[in-house]
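Here's the letter readout for the chains.
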Amino acid sequence: MKRFDPAERNGYIGKAYIWPEKCVNCMECFRVCPVSGAVLFPNSGGKPYKKYSDIPVKLKYENSVFKPFIETSLCVGCGRCAAICPPRVIDVQCVKKPS
């Protein structure tokens, strides 16, 4: 899968949002996002985790208070995360019509 450069966002029309209260921490959004750092996971000890493999297993359980979130400045609005999310808790809001 091609990784996107956020500077090349022309043609992308939305921003994704994860509803944390309904998220089950399946981490599919991490696996399919084409932009490194667009999907983040909280880190109580510092900067958020950018890579799925860096997140400690003990934080990835369904009832965890820690849930992934979208860095909207990097999101290109491709919708891959929303399409693959099993509980359908990711919305992509329209921000710009495609040219």
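Each value, and the rule that gives it
Residues numbered from 1 in each chain as written. Predicted model: local features only at pLDDT ≥ 70, side-chain atom pairs only at ≥ 80, totals over all residues. Heavy atoms only, no water. Helix = DSSP H or I, 4+ residues; strand = E, 2+ residues; numbered from the N terminus. Buried < 20%, exposed > 50% of the residue type's maximum accessible area, 1.4 Å probe, protein only. Contact = heavy atoms within 4.5 Å. Salt bridge = Lys/Arg side-chain N within 4 Å of Asp/Glu carboxyl O.

**A few points about the overall build of the protein chain**
- Counting secondary structure elements, the protein chain contains 2 helices and 4 strands.
- In the protein chain, the succession of helices and strands from N to C terminus is β-α-β-β-α-β.
- Burial status across the protein chain gives 35% buried among its 99 residues.
- Considering only contacts in the protein chain between residues 6 or more positions apart, those separated by 24 or more positions represent 75%.

**So, the pattern of salt bridges**
- One pass over the full model with this rule turns up 1 salt bridge.
- Here E28 and R31 are joined by a salt bridge, their closest N and O atoms 3.3 Å apart. Here R31 and E28 lie together in helix α1 (residues 28-32), a separation of 3 residues that amounts to about one turn.
- In this structure E28 comes out as partly exposed when scored by relative accessible area, which is 22%.
- Judged by relative accessible area, R31 falls into the partly exposed class, the value being 40%.

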